[in-house]
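Below, each chain spelled out in residue letters.
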Amino acid sequence: MRVFANLDEFAAAKGEQLGHGTWHTVTQEQINQFADATGDHQWIHVDTEKAAAGPFGATIVHGYLTLSLIPFLGKEIYRVDGITMGINYGLGKVRFPSVVPVGSRIRAGAELVDLTDRAQGKQATLRWTVEIEGGDKPACVAETIVVYVP
């Protein structure tokens, strides 16, 4: 894990790759729980028999589930000390270049794209790339915007 003592030290890492997290296996149980939470029960996600005969050969992870796993996948990549909180401000560009079949192992990498001053503290834009172990293309590439409050 890369640890920054404060926001000034974090700002000095602008433009740098911050690292990668550990691999996580996505299970059918996670997919089903996400489907229940969001109401998205499309067969490509939850019907294992129909999906086995479908275009991907198995159920696939919801794109938004992959996106929502970024905080979990990224928790081991970096930490900024000397702040009271981080607040999700929004998202920039989000893409899902590749499907994630159930049972795949994924991990995230993070890059600090920008850090600007705000009245509350600093606004960080991070580019996250969620990789699929053995895959040619990432599962998700997303820019998250976070406000760090000292």
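Refer to the structure above for everything that follows.
These figures come from a predicted structure and were not determined experimentally.

Cut-off values and rules
- Residues numbered from 1 in each chain as written.
- Predicted model: local features only at pLDDT ≥ 70, side-chain atom pairs only at ≥ 80, totals over all residues.
- Heavy atoms only, no water.
- Buried < 20%, exposed > 50% of the residue type's maximum accessible area, 1.4 Å probe, protein only.
- Helix = DSSP H or I, 4+ residues; strand = E, 2+ residues; numbered from the N terminus.
- Pairing = 2+ DSSP bridges.
- Polar contact = N/O pair within 3.5 Å; in protein donor to acceptor, adjacent residues only side chain to side chain.
- Contact = heavy atoms within 4.5 Å.
- Salt bridge = Lys/Arg side-chain N within 4 Å of Asp/Glu carboxyl O.

Caption draft 1: Just the pairing of strand 8 (residues 140-149), in detail. Of all 10 residues making up strand 8, 8 are buried, and the element is well covered by its neighbours. Here strand 5 (residues 85-95) pairs with strand 8 via 8 bridges, running antiparallel. Opposite G86, over in strand 8, you have Y148 as the bridge partner. The pairing of strand 7 (residues 121-132) with strand 8 spans 9 bridges and is classified as antiparallel. Counterpart to R127 in the pairing with strand 8 is E143.

Caption draft 2: Just the side chain of H45, in detail. Its location among the elements puts H45 in helix 3 (residues 43-46). At a separation of 2.8 Å, a polar atom in the side chain of H45 contacts the main-chain carbonyl oxygen of I60. Sequence-distant contacts of H45, that is, excluding residues within four places in its chain, are made with Q28, I31, N32, D40, T59, I60, V61 and H62.

Caption draft 3: Structural view of the pattern of salt bridges. Evaluation of the coordinates by the stated rule reveals 8 salt bridges. Of the charged contacts, one joins R79 and D81 as a salt bridge, the two residues approaching to 2.7 Å between their closest N and O atoms. Note on D81: relative accessible area 28%, which makes it partly exposed. One salt bridge in this structure joins E133 and R105, with 2.7 Å as the shortest N-O distance. With E133 in the loop between strand 7 and strand 8 and R105 in strand 6 (residues 105-118), the pair connects residues that are 28 residues apart, well separated along the chain. Under the relative-accessibility criterion, R105 is labelled partly exposed at 33%. One salt-bridge network, in which partners are shared between bridges, spans E111, R127 and E143.

Caption draft 4: Spatial organisation of the environment of L7. With respect to the helices, strands and loops of the structure, L7 is situated in helix 1 (residues 7-11). Note: C-alpha distance between L7 and V80 (73 residues apart in sequence) is 6.8 Å. Those residues within four positions of L7 in sequence are excluded, and the remaining contacts are V80, D81, I83, L115, K122, Y148 and P150.

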